[in-house]
Amino acid sequence: MKNKYANCGLNYDIIVDKYPDIMEYEEIVNTYLADEFFFQLEGMLDEEDYAMAKDATKGLYILASDLCLFPLYEKLLEVYEDLEYEMYGDVMGHYREMMDSHSKIRSMFNA
C-alpha cells in the first residue's frame, strides 16, 4: 500500500495519521479529483477569466493541502501564484503541469 502512494509522490504515513480509515480517504480523494473545476479551469484560462480561475484554483489547492496531496497542492499553488501576480504567460504551462500531477494521482486512485 505504501508503494502505491509513494509512486505518485504521496506520503502514506502522513495520510494514515490524519485519515485512519484509508478506504474512506480514497473515496474522498476520488470525489475531489473528479471536481469539475479541474477540467473547467483550462477554459477559464483560455477565455482570460482570471478572477474565476483564481477563485477555483484557491479552493482546489486548499483541499489538496487538507487531503495531503502535496505534489498536486504545489502545482496548484504555482497556477494560483501566476494568477495572483498576473504572470499570465506562465499560467498555461503551470496548468498543464498541474493536470499531469492530477492525472498521475487520479490513475493511482482509479478515479
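The notes below deal with the structure included here.

Conventions and cut-offs
- Residues numbered from 1 in each chain as written.
- Predicted model: local features only at pLDDT ≥ 70, side-chain atom pairs only at ≥ 80, totals over all residues.
- Heavy atoms only, no water.
- Core = buried A, V, L, I, M, F, W, Y, C linked by side-chain atoms within 4.5 Å.
- Buried < 20%, exposed > 50% of the residue type's maximum accessible area, 1.4 Å probe, protein only.
- Helix = DSSP H or I, 4+ residues; strand = E, 2+ residues; numbered from the N terminus.
- Contact = heavy atoms within 4.5 Å.
- Patch = residues over 30% accessible without salt bridge, like charges linked within 9 Å, V, L, I, M, F, W, Y side chains within 5 Å.
- Areas by Shrake-Rupley, 256 points an atom, 1.4 Å probe, with all protein chains shown as cover.
- Salt bridge = Lys/Arg side-chain N within 4 Å of Asp/Glu carboxyl O.
- Lys, Arg positive; Asp, Glu negative; His and termini not counted.
- Charge placed at Lys NZ, Arg CZ, Asp CG, Glu CD.
- Polar contact = N/O pair within 3.5 Å; in protein donor to acceptor, adjacent residues only side chain to side chain.
- Arc of directions from axis to C-beta.

Here we take up the nonpolar core. When a protein is soluble and globular, its nonpolar side chains tend to lie buried together. Formed by 37 residues in total, the largest nonpolar core has its most connected members in Tyr25, Tyr32 and Leu69. For this core, the secondary-structure elements that each account for two or more residues are helix 2 (12-18), helix 3 (22-33), helix 4 (36-46), helix 5 (50-66), helix 6 (70-84) and helix 7 (88-109). The element that contributes the greatest number of residues to this core is helix 7, accounting for 8 residues. Contact partners of Tyr25, with chain neighbours within four places excluded, come to Tyr5, Ile15, Tyr19, Leu67, Leu69 and Phe109.

Here the focus is a negative patch on the surface. Together, Glu42, Asp46, Glu47, Glu48 and Asp49 line one region of the surface with negative charge. Of note, Asp46 is situated in helix 4.

We now examine the side chain of His102. Relative to the elements of secondary structure, His102 occurs in helix 7. A polar side-chain atom of His102 sits 2.8 Å from the main-chain carbonyl oxygen of Leu33. Among residues more than four places away in sequence, those in contact with His102 are Leu33, Phe38, Phe39 and Leu72.

If you check which residues of helix 4 are buried, you get Phe38, Leu41, Met44 and Leu45. Burial along helix 4 is one-sided: seen end-on, the buried residues are contained in an arc of 105°. Exposed and facing more than 90 degrees away from the buried side of helix 4 are Glu36 and Asp46. Along its buried surface, helix 4 packs onto helix 3, helix 5, helix 6 and helix 7. Its side-chain oxygen placed 2.7 Å from the backbone nitrogen of Phe37, Asp35 serves as the N-cap of helix 4. Glu48 sits one or two residues past helix 4 and shows a positive phi near 60°.

This is a description of form; function is not addressed.
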